[in-house]
Amino acid sequence: MPPSVVLVTGVSRFLGGHLAARLAADPGIERVLGVDIVPPSRDMLRRMGRAEFVRADIRNPLIAKVISRASVDTVVHTALSSEPARSGGRTAMKEMNVIGTMQLLAACQKASSVRRMVLKSTTAVYGASSRDPALFDETMTPKEIPSGGWAKDATEIEGYLRGFARRRPDVSVTVLRFSNLIGPRVDNAFTRYFSLPVVPTVLGYDARVQLLHEEDGLAVLERAVSEEIPGVFNVAADGVLLLSQAIRRAGRVALPVPGIAVGSVGKLLRTARIVDYSPEQLRLLNFGRVVDTTRLRRQFGFTPRWTTVQAFDDFVRGAVLRPLLPPDRIDALERVLREGGITAGRQVDKLLSAVGAR
Amino acid sequence: MTSEHPAVQRRRRAVDRARSRVGAPDATGGGAEVSEPETRARVIPLHADDSSGRTRWRLGGSGPTTRRPAVPSPRSAEPPPATEESAEAGAEEPPVDEAAEQTPAEWEEALTTALDFLRRRLEGDYAVDEFGFDVDLTDNVFLPLLRPLYRHWFRVETIGVHHVPDVGAALVVANHSGTLPVDALMTTVALHDEHPARRHLRLLGADLVFRLPGVGSLARKAGSTLACNPDAERLMRNGELVGVWPEGFKGIGKPFRDRYKLQRFGRGGFVSAALRTQVPIIPCSIVGAEEIYPKIGDIRPLARLLGAPYFPVTPTFPWLGPLGAIPLPSKWYIEFGEPIRTDTIDPAEADDPMTVFNIADQVRETIQHTLYRLLAQRRSVFLG
């Protein structure tokens, strides 16, 4: 059964806004409601077309009225925030994430019209440590339960959603664990990190980075809304990049920082409002995290169009990152080295033959 | 001629019983050994059972695969390193008159290759698999760095590479020794350089390896991953050649007096992984690695302080400081035995501890016996 009234949370941000726009462009869907506490940008509002924006706080029980009055049948929750600075500090972020979700679920539980629930979660729920297997599949649980921040929020939220699914077995619940989103249009901690001219990394570690192209992310959400596919799915692109490799592909320079200093460098970047990188994301930079997407392909029926490398290259092109060492400079350097090497080699040859002749 | 320790005999009989129950093919084809009365001392053959030559069983591979004779010729007065050198020189160098003209082209080519490599590294233009394995770096940096150690320092002689399939997955199980995992590195070089298909061995490492900064990321780039069942099974399903040292720290950190005595094989996780993926197990026996850093002592408080499983004391370490890190130049033999098939056993048996332990014991015994045989053949630790 296709959805008729869809409610999307977090429309002021990239995924929510663009998803609402895409759904609004689908004539099969009767109404699209976009909820957020801050209004989307003017550009986003124009894109959203016939989708209606409702300025509401999901932490407020008022959200229940919105849902019941519009008799919403599909709820897409994309409002989870991973960046404390953008949500007014860690406490506010946690409140928004956890309490907001609880309120939203409570409202949905009361509303008999709700048939489908889609949660945009994160692969951060698997944690990142040296004792983890190379790839996580959906059945695995983290070795250490995330002690705080974004990962802990997402773990708790998924827990509440499981509870909701038990209480409302008639609602189809889809949990999409997204890998790090990247692309020319998306703006998050990850893209800002790679936009730094000198990218701080952790000395002695080189994480495997798995990404997800913004278009693939949107397509997955759209599919989850239009088709009923309950379950938990990892959503990520094929293949991995090493952090050092990604930095080189972006034409940046890596600055390895010793483990002890990582905290203070991260804090410095945070206070300078350059990159909002939380400690758990720094842990990700140590060990990386790669997920198995077999279930996404087989069960969910979606194959990402961009590989990790392609998605990253698309971001580099789109963000117009000026490489510190442009390709023509590398060409020149290579030429010099090659010619110098050949000349030197010939000299040595001559010398050797002269010695040999004597 | 060595007579066996009674405990070993008991284990062997248990394994034989298990083998007949499991229905796995006899590893050595030595059916006569099984029925041997227990009162008689068992004879360890001085030479590998070479009558079969090449394994009849192969995984999709075809054509001649042996590059060097499976068994080293009986050692004559001529020292082995020299033979190896001359054999290689003869194989690789073109006739003399051509060589003079080709030299510039050769080094120019080498220069081009090196510059191309540097450029790829600088631009991040290389592929890394999901485990973090960087083939480009491994082939161009890691293996060339290890090769002198393999060829000239340890003068490794590899026996029975033809038992390793050309394509498809296999699980190489070997004995661990030497304080530092040099044996794993040398086996990797052996399988890449001596095997006609130039296979990359994907090592399964302890979690300590991946916890250490620097070492962990290098290990991943060289193709290793954490020794856990999900990773092992995933690698083998992808058709990779996987290497495991199931003794773990018990094996690598055992005191010198226990050399060549195989330790317990953990919980047999490697067997269940092989059973689940129906991948053959190739027993691998390494002789020579025990003597590289003879561990004559262990400073436990220091080890505990550093979070290490042991803090070795060798005749040179820590007395000589960094010089103590130089391994003794023992002569090495790496022998790959006949594969133990697992595709004849139901994958569901992977959850049956009895089957798993029986196969683990079978592998262990095979390795132990090959070790005894290789040791009996060896005349000198350093000259072979």
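Residues numbered from 1 in each chain as written. Chains lettered and ligands numbered in written order. Predicted model: local features only at pLDDT ≥ 70, side-chain atom pairs only at ≥ 80, totals over all residues. Heavy atoms only, no water.

Novice: Provide a residue-level description of the overall build of chain A, including the pertinent values.
Specialist: Within chain A one finds 13 helices and 15 strands. If you sum the accessible surface of chain A, you get close to 16000 Å²; carbon and sulfur atoms cover 56% of it. (Helix = DSSP H or I, 4+ residues; strand = E, 2+ residues; numbered from the N terminus. Areas by Shrake-Rupley, 256 points an atom, 1.4 Å probe, with all protein chains shown as cover.)

Novice: Talk me through the environment of threonine 122 of chain A; I want residue IDs and the actual numbers.
Specialist: Residues and elements named next belong to chain A. Considering the arrangement of structural elements, one finds threonine 122 in strand β5 (residues 116-122). Sequence separation between threonine 122 and valine 235 is 113 residues, and the spatial gap between their C-alpha atoms is 8.7 Å. Beyond its immediate chain neighbours, meaning those up to four positions away, threonine 122 contacts Trp150, Ala154, Leu176, Arg177 and Phe178. Among the polar contacts listed, one links the side chain of threonine 122 to the backbone nitrogen of alanine 124, at a separation of 2.8 Å. (Contact = heavy atoms within 4.5 Å. Polar contact = N/O pair within 3.5 Å; in protein donor to acceptor, adjacent residues only side chain to side chain.)

Novice: Can you break down the pattern of salt bridges residue by residue, with the values?
Specialist: Within this structure, the stated rule accounts for 46 salt bridges over all chains. Two residues, arginine 297 of chain A and aspartate 238 of chain A, come together in a salt bridge whose shortest N-O distance is 2.2 Å. Here the residue arginine 297 of chain A occupies a position in helix α11 (residues 294-300), and aspartate 238 of chain A occupies one in the loop between β12 (231-235) and β13 (241-242), the gap between them amounting to 59 residues. Relative accessible area serves as the criterion here: at 29%, arginine 297 of chain A is assigned to the partly exposed category. Here arginine 198 of chain B ties to aspartate 193 of chain B by a salt bridge, and the two come within 4.0 Å at their closest N and O atoms. On the accessibility criterion, aspartate 193 of chain B (6% relative accessible area) is buried. Residues joined by salt bridges that share partners form a network here, namely Asp331, Glu334 and Arg338 of chain A together with Asp116, Arg119 and Glu123 of chain B. (Salt bridge = Lys/Arg side-chain N within 4 Å of Asp/Glu carboxyl O. Buried < 20%, exposed > 50% of the residue type's maximum accessible area, 1.4 Å probe, protein only.)

Novice: So what's going on with the interface of chain B and chain A? Which residues, and what values?
Specialist: At the junction of the two partners, chain B supplies 34 residues and chain A supplies 33 residues. Of the roughly 2800 Å² buried between chain B and chain A on both sides combined, carbon and sulfur atoms contribute 56%. For the side of chain B that touches chain A, the elements supplying multiple residues, two or more each, are α4 (96-123), α7 (207-211), α8 (215-221), β4 (225-226) and α9 (229-237) of chain B. Sorting elements by how many residues they give to the side of chain B that touches chain A places α4 of chain B first, with eleven residues. Looking at the side of chain B that touches chain A residue by residue, the class counts come to 14 nonpolar, six polar and 14 charged. (Buried area = accessible area lost by both parts, 1.4 Å probe. Nonpolar A, V, L, I, M, F, W, Y, C, P; charged D, E, K, R; others polar.)

Novice: Can you lay out unusual backbone geometry for me, pointing to particular residues and giving the numbers?
Specialist: For the peptide bond that leads from phenylalanine 317 of chain B to proline 318 of chain B, omega is 0 degrees, which places it in the cis range. In this structure, serine 71 of chain A is a non-glycine residue whose phi angle is positive, near 40 degrees. Of note, serine 71 of chain A is situated in the loop between α3 (62-69) and β4 (74-77). Here serine 71 of chain A falls in the partly exposed class, since its relative accessible area comes to 39%. At glutamine 278 of chain B, a residue that is not glycine, the phi angle is positive and equals roughly 60 degrees. With respect to the element layout, glutamine 278 of chain B can be found in the loop between α11 (269-277) and β6 (281-287). A relative accessible area of 26% places glutamine 278 of chain B in the partly exposed class.

Novice: Let's hear about α11 of chain B: which residues, and what values?
Specialist: Residue and element names in this part refer to chain B. By the criterion of burial, α11 is predominantly enclosed, with seven of the nine residues buried. Structurally, α11 contributes buried residues whose contacts are with β2 (170-174), α9, β5 (241-244), β6 and α13 (353-377). Positive phi appears at glutamine 278, one or two residues downstream of α11, with a value of about 60 degrees.

Novice: Residue-level account of the packing of aromatic side chains, with values.
Specialist: Applying the stated criterion across every chain yields a total of ten aromatic pairs over all chains. Geometrically, the ring pair formed by tyrosine 193 of chain A and phenylalanine 194 of chain A is edge-to-face, given 5.3 Å between the ring centres and 70 degrees between the ring planes. Looking at tyrosine 193 of chain A, the relative accessible area reads 3%, which means it is buried. On the numbers, 5.9 Å between centres and 40 degrees between planes, the contact of phenylalanine 311 of chain B with phenylalanine 317 of chain B is tilted. By relative accessible area, phenylalanine 317 of chain B is classed as partly exposed at 26%. Grouping aromatic residues by their ring pairs yields a cluster made of Phe190, Tyr193, Phe194, Phe312 and Phe315 of chain A. The ring of phenylalanine 300 of chain A is capped by arginine 223 of chain A, whose NZ or CZ atom sits 5.7 Å from the centre of that ring. (Phe/Tyr/Trp six-rings, centres within 6.5 Å; stacked < 30°, edge-to-face > 60°. Lys NZ or Arg CZ within 6 Å of the ring centre and 35° of its normal.)

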